[in-house]
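Now for the letters of each chain:
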Amino acid sequence: MSYKLGIKENSLDSFNEALEKYREGEGGQVRAYKFAILHMAHFLELVLKMYVQTLDENLIYLSNFTHLKDECKKAQSTSVLAHLNALKASGFSYNAPESNRQGPPKTIMVYQALNLAKDERCSITGKLVIDHEFIADINWLKDLRNNIEHFQFEIEPKQVRLCM
């Protein structure tokens, strides 16, 4: 029997796992914070990708995002989101790239999704949806996740608590 989760279900599953591990950390199992960080970083990555999909379903693919960034540079636009919105207003949308010998198409990373989200404004108040402090927290979490997965790390439980 296979186990299949869509992006939303996958993100929620990781969020619930992050909370479970966070509770274990709060209960004195400091090692559990490592897994809380990993699961929370995964949750945030998927949520940001879902946000990007609301802009254009196929913009989560790296090749499409790279195309958008290149077009943005050519147009000398300072906002990737504003440039995307201009493209969409003209009827443009991205196609899903096909799989090839290397496997399925690569998707964007957190910093690329944040490049779009950082300029998103509330349609009612006009204020930025995410602030610089939240972006800094995401970057701290992402950097710590990368150190956990690829090198070595040190975490202070207080930092984990404040970030999460």
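Residues numbered from 1 in each chain as written. Predicted model: local features only at pLDDT ≥ 70, side-chain atom pairs only at ≥ 80, totals over all residues. Heavy atoms only, no water.

A. Representation of the packing of aromatic side chains in the model. Taken as a whole and assessed by the stated rule, the structure comprises 3 aromatic pairs. Consider the rings of tyrosine 22 and tyrosine 33, whose centres lie 6.0 Å apart with planes at 65 degrees: the pair is edge-to-face. Of the two residues, tyrosine 22 sits in helix α1 (residues 7-26) while tyrosine 33 sits in helix α2 (residues 32-55), which places them 11 residues apart along the sequence. The buried category is assigned to tyrosine 33, whose relative accessible area is 2%. Between phenylalanine 92 and tyrosine 94, the aromatic rings sit 4.8 Å apart at their centres with planes inclined by 90 degrees, giving edge-to-face as the arrangement. Using a relative accessible area of 5% as the deciding quantity, one classes tyrosine 94 as buried. (Phe/Tyr/Trp six-rings, centres within 6.5 Å; stacked < 30°, edge-to-face > 60°. Helix = DSSP H or I, 4+ residues; strand = E, 2+ residues; numbered from the N terminus. Buried < 20%, exposed > 50% of the residue type's maximum accessible area, 1.4 Å probe, protein only.)

B. Here's a closer look at the packing of α2 against helix α4 (residues 80-89). For the pair α2 and α4, interaxial distance at closest approach is 11 Å and the crossing angle is 35 degrees. For the pair formed by α2 and α4, the contact residues are Tyr51, Thr54 and Leu55 on the first element and Leu81, Leu84 and Lys88 on the second. Grouping the amino acids of the contact of α2 with α4 by side-chain chemistry returns 4 nonpolar, 1 polar and 1 charged. (Axes fitted to C-alpha atoms, helices over the stretch in contact; angles between N-to-C directions. Contact = heavy atoms within 4.5 Å. Nonpolar A, V, L, I, M, F, W, Y, C, P; charged D, E, K, R; others polar.)

C. Quick look at the pattern of salt bridges. Applying the stated criterion across every chain yields a total of 8 salt bridges. For lysine 21, the salt bridge identified is with glutamate 24, shortest N-O distance 3.4 Å. Of this pair, lysine 21 and glutamate 24 both sit in helix α1, 3 residues apart, which is roughly one turn of that helix. Judged by its relative accessible area of 22%, glutamate 24 is partly exposed. (Salt bridge = Lys/Arg side-chain N within 4 Å of Asp/Glu carboxyl O.)

D. Broad picture of α1. In this model α1 runs 28 Å from its N-terminal to its C-terminal C-alpha over 20 residues, within 8% of the 28 Å that 1.5 Å per residue would give. Ser11, Ser14, Ala18, Tyr22 and Gly25 are the residues of α1 that are buried. Along the long axis of α1, the arc covered by the buried residues comes to 80 degrees, so they all point the same way. Those residues of α1 that are buried lie in contact with α2 and α7 (157-163). One or two steps after α1, the chain reaches glycine 28, where phi turns positive at roughly 110 degrees. (Expected span 1.5 Å × (residues − 1). Arc of directions from axis to C-beta.)

These figures come from the coordinates and say nothing about function on their own.
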